[in-house]
Amino acid sequence: MVLEKLGSSLYDAIRKVLRAPVVDRELVKELIRDFQRALLQADVNVQLVMELSQNIEKKALDEELPPGISRREHVVKVVYDELTRFVGERPQALDIRPGRQNVLMLVGIQGSGKTTQAAKLARYFQKRGLKPALICADTFRPGAYDQLRQLAESINVDFYGEPDAKDPVAVAGHGVKEFRDHEVVILDTSGRHKEEKALILEMQQIAEAVAPQEIILVLDGTIGQQAASQAAAFNEATEIGSIIVAKLDGSARGGGALSGVAATGAPVKFIGTGEKIEDLEPFVPGRFIGRLLGMGDIESLVAKVKEADIEVTEKDVTALLSGKFSLADMYQQFEAMRSMGPLQKVLSMIPGFSYQLPDSELELAEERLDRWKYIIESMTPEEREDPKILNASRMRRIARGSGTDESDVRELIKQYNATRKMLRQLKGRRRMLRRMPFKLG
Ligand SMILES: Nc1nc2c(ncn2[C@@H]2O[C@H](COP(=O)(O)OP(=O)(O)O)[C@@H](O)[C@H]2O)c(=O)[nH]1
Ligand SMILES: [Mg+2]
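1. Focus on a nonpolar patch on the surface
- On the surface, Leu-40, Val-46 and Met-50 cluster together into a nonpolar patch covering about 230 Å² of accessible area.
- Position of Val-46 relative to the elements: it lies in helix H3 (residues 46-62).

Shown next, in the form of structure tokens:
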């Protein structure tokens, strides 16, 4: 799991606070020492650790407690807030203007995951109905051209490259010209040179030549402390607009992500979670920190989940019970679930859902939720309100638009019908609606 090690030592520190009979000054100081140790071991930059821990100490000890909140809850919340604020309070999207060309330039050292994330990004935008294209401006590494061309072909995305070219600035320029009518043009660059200076100069020249909408730094999530100096070097050469942290699967500790943010001031927008082309997730700060801290059983998160539940319930309860449960309503529920964090954690907090799903099934369930979301996103408003009008040709269109198969669309409709039926049977039993009214497995 993402950041397992850092997560578990921070979690242990938090648990100590949750379990202590009294939360006093001494215990807060101990928490901060544990917290510092955990962050330093995860290769987070020392200065940064000091800054964060000073803020936490000050707020945890000096701030007046809000009414009804115990010192214990306050301390936990301060830790969560500080870390979340640091990585950016809300998820930030790439600012793509549809209907015109947006050039995204990826930079980062060799092996960080640029080429892979370039293809993943293309796929990400393709799924959302935009027209992406990929350009290989890595003329240094043999095989770079073929690697990206094959990835592009595998997802049916237009590709530009010049296999024998020596001048990456020219190749980038040609490609951007070629794809004038594409909405998202993703430019993959080289990550190595005979010397670093030449690489940095090359990035500057390419950026000048193609004036990208955003320059994205790709960091390897497993490298730890080096992330800070890499990020700083690239940020000096060009203006880094955002960061993708790749390889945050497996046992990556991910402290580098925090250091990269500190060195550039740029937000993390995506994380790479595997080698496959679908393994790209928008970075959700609260969720990331929640995971990092193992916040699954912490009151504040439970409260948040309850809130999210009630929001859905109250807004929709009348419509739901009158049988007017549309796909748009279902979509809202998917969104609410996915924004709360990993499925198992969400499920474990819902009364009656306390069983453990096997990991493989969980993954499938999460993937399926995402797939269903894309499918609903590809529908017209009429289709969402009245799924009965979905005939074979509409389904085909939707499958194409969402990058899924027609069988996926049919499966969603089947699930929707089953949920609707269940809701009708639930009439009058309002409390049940606070639970997730559909099956995930
Ligand atoms: N596990 C994992 N591996 C990744 C991820 N992204 C890239 N890789 C692998 O990292 C290696 C280097 O990736 P590549 O995209 O060629 O890096 P580049 O040199 O920066 O273009 C390849 O073996 C990729 O399959 C990721 O999110 N998770
Ligand atoms: Mg590459």
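2. As for the packing of helix H2 (residues 25-41) against helix H4 (residues 71-87)
- Between H2 and H4, the shortest axis-to-axis distance is 12 Å and the interhelical angle comes to 30°. Judged by the twist between their axes, the crossing of H2 over H4 is right-handed. Taken together, the residues of H4 that come into contact with H2 (itself represented by Val-28, Leu-31 and Phe-35) are Val-75, Val-79 and Leu-83.
- Classifying every residue of the contact of H2 with H4 by side-chain character gives six nonpolar, no polar and no charged.

3. Here we look at the pairing of strand E5 (residues 214-220)
- With seven of its seven residues buried, E5 lies for the most part within the structure.
- Of the two faces of E5, the one carrying Glu-214, Ile-216, Val-218 and Asp-220 and the one carrying Ile-215, Leu-217 and Leu-219 are both buried.
- As judged from the four bridges shared by strand E1 (residues 102-107) and E5, these two strands associate in the parallel manner. When the sheet's bridge partners are listed, Leu-106 is paired in E5 with Ile-216.
- Examined bridge by bridge, E5 and strand E6 (residues 242-246) share five bridges and lie parallel to one another. Counterpart to Leu-217 in the pairing with E6 is Ile-243.

4. Some remarks on the pattern of salt bridges
- Taken as a whole and assessed by the stated rule, the structure comprises 14 salt bridges.
- The closest approach of N and O atoms between Asp-34 and Arg-37, which form a salt bridge, is 3.4 Å. A residue pair is termed a helical-turn pair when its members lie 3 or 4 positions apart in one helix, as Asp-34 and Arg-37 do in helix H2 at three residues.
- For Asp-220, the salt bridge is made with Lys-247, and the minimal N-O distance between the two is 3.2 Å. Taken together, the residues Asp-220 in strand E5 and Lys-247 in the loop between E6 and helix H10 (255-264) connect sequence positions 27 residues apart.

5. Focus: the site of ligand 1
- Taken together, 18 residues sit near ligand 1, with Gly-111, Lys-114, Thr-115, Thr-116 and Gln-117 positioned nearest.
- At 2.7 Å, a side-chain N or O of Thr-115 approaches an oxygen atom of ligand 1.
- Within the side chain of Arg-141, an N or O atom sits 2.9 Å from an oxygen atom of ligand 1.
- The fraction of the free accessible surface of ligand 1 (580 Å²) that becomes covered by protein chains is 81%.
- The greatest single-element share of the shell around ligand 1, amounting to five residues, is contributed by helix H5 (residues 114-127).
- Grouping the amino acids of the shell around ligand 1 by side-chain chemistry returns one nonpolar, eleven polar and six charged.

Calculation criteria
Residues numbered from 1 in each chain as written. Chains lettered and ligands numbered in written order. Predicted model: local features only at pLDDT ≥ 70, side-chain atom pairs only at ≥ 80, totals over all residues. Heavy atoms only, no water. Patch = residues over 30% accessible without salt bridge, like charges linked within 9 Å, V, L, I, M, F, W, Y side chains within 5 Å. Areas by Shrake-Rupley, 256 points an atom, 1.4 Å probe, with all protein chains shown as cover. Salt bridge = Lys/Arg side-chain N within 4 Å of Asp/Glu carboxyl O. Helix = DSSP H or I, 4+ residues; strand = E, 2+ residues; numbered from the N terminus. Axes fitted to C-alpha atoms, helices over the stretch in contact; angles between N-to-C directions. Left-handed = near helix turned anticlockwise from the far one by under 90°. Contact = heavy atoms within 4.5 Å. Nonpolar A, V, L, I, M, F, W, Y, C, P; charged D, E, K, R; others polar. Buried < 20%, exposed > 50% of the residue type's maximum accessible area, 1.4 Å probe, protein only. Pairing = 2+ DSSP bridges. Near = heavy atom within 4 Å. Polar contact = N/O pair within 3.5 Å; in protein donor to acceptor, adjacent residues only side chain to side chain.

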